[in-house]
Amino acid sequence: MKLTFIRENTFRLLYLSTFHKEEDLDTQVERYLEKMENPDDIEELKEFHLEELEYPIKNKEKELILNRLKDIREKTDEIDSLINESAVKWTTDRMPKTDLTILRLAIYEIKFDEKVPTKVAVDEAVELAKKYGTDNSPKFINGVLAKFF
């Protein structure tokens, strides 16, 4: 089991949560994880942009992803406060959702996950920004996270 896989799926579900009402989120998370467990149709995987990830997802991985997602969501106000303190001329309500989600995940790893070294959290966040963000995202993410060293 690779933490990169756990991180990317956590990012995807955390990002998904920014678009759904609280009462709908559990259904959306279940639907996503169901597709990761039973990838019976490549077209369905493409719908979720999952074809480049490893699957089927294992129960241990699913459990880790769900625990991280829950913990991050519970700490979102605290994490957002840290982001707002560190992002010069930016606030969480003005940031692109992709960048904000990457920052939330990275700051969670830096501040609350003792198993992840800060440098790894930053490097992985920049990689997520390259993959999912805009051309400016990696530099922005790196700049905000640099304040946590």
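Residue numbers run consecutively from 1 along every chain, following the written order of its sequence. Note on the predicted model: pLDDT of at least 70 is required for a residue's local features to be given, and 80 or more for side-chain atom pairs to be given and counted; whole-chain, interface and lining totals, by contrast, use all residues. Each side-chain value is worked out from all heavy atoms of the structure, with water and hydrogens disregarded.

Engineer: Explain the layout of surface pockets residue by residue, including any values.
Structural biologist: Rolled over the atoms, a probe sized like a water molecule indicates the empty space that remains. Both cavities and pockets are sets of points on a 1 Å grid over the protein atoms alone; in a cavity a 1.4 Å probe fits but cannot get out, in a pocket the set is open with protein on both sides within 12 Å along at least five of seven lines, and lining residues sit with an atom within 4 Å of a point. Grid points are joined across faces, edges and corners, and a volume is the space filled by probe spheres set on the points. When its volume is computed, the second largest pocket comes out at roughly 260 Å³. In terms of lining, the second largest pocket is formed by twelve residues, of which the most central are Leu3, Leu64, Arg68, Asp113 and Lys115. The way it works is that DSSP assigns letters per residue, a run of H or I at least four long becomes a helix, a run of E at least two long becomes a strand, and they are numbered from the N terminus. Listing elements by their share of the lining of the second largest pocket, those giving two or more residues are helix H1 (3-17), helix H4 (59-74) and helix H6 (97-112). Here the lining of the second largest pocket gets three residues from one element, more than from any other, and that element is H4. Note on residue classes: Ala, Val, Leu, Ile, Met, Phe, Trp, Tyr, Cys and Pro are nonpolar, Asp, Glu, Lys and Arg are charged, and everything else, Gly too, is polar. Grouping the amino acids of the lining of the second largest pocket by side-chain chemistry returns seven nonpolar, one polar and four charged.

Engineer: An account of the confidence of the model for the protein is requested, with residue identities and associated values reported.
Structural biologist: A low pLDDT means the predicted coordinates there should not be read in detail. Residue-level confidence of the predictor, termed pLDDT, takes values from 0 up to 100. Predicted confidence across the protein gives a mean pLDDT of 87, with 88% of residues reaching 70 or more. Taken element by element, the protein is modelled with least confidence in helix H3 (residues 42-47), mean pLDDT 59, and with most confidence in H6, mean pLDDT 97.

Engineer: Can you explain the environment of tyrosine 132? Please cite residues and give values.
Structural biologist: Inspection of the secondary structure assignment puts tyrosine 132 in helix H7 (residues 118-132). The exposure class assigned to tyrosine 132 is partly exposed, which follows from its relative accessible area of 24%. Put simply, tyrosine 132 and threonine 98 are 34 residues apart on the chain and 7.0 Å apart in space, counted from C-alpha to C-alpha. Separated by 2.9 Å, the side chains of tyrosine 132 and arginine 12 make a polar contact. Burial classification: accessible surface area is computed with a 1.4 Å probe over protein chains only, and a residue below 20% of its type maximum counts as buried, one above 50% as exposed, and the rest as partly exposed. Identification of polar contacts relies on pairs of N or O atoms within 3.5 Å, with a donor-acceptor requirement for protein atoms, meaning one able to donate a hydrogen and the other able to accept it, and with residues adjacent in sequence counted only if both atoms are side-chain atoms.

Engineer: Residue-level account of the pattern of salt bridges, with values.
Structural biologist: Side chains bearing opposite charge may pair, as long as their charged atoms lie close to each other. A pair is scored as a salt bridge if a Lys or Arg side-chain nitrogen falls within 4 Å of a carboxyl oxygen belonging to Asp or Glu. Counted according to the given criterion, the structure contains eleven salt bridges. Between lysine 75 and aspartate 71 there is a salt bridge; the shortest N-O distance is 2.8 Å. Ionic pairing is found between arginine 104 and aspartate 80, a salt bridge with its closest N-O pair at 2.7 Å. Here the residue arginine 104 occupies a position in helix H6, and aspartate 80 occupies one in helix H5 (residues 76-86), the gap between them amounting to 24 residues. For aspartate 80, a relative accessible area of 11% corresponds to the buried category.

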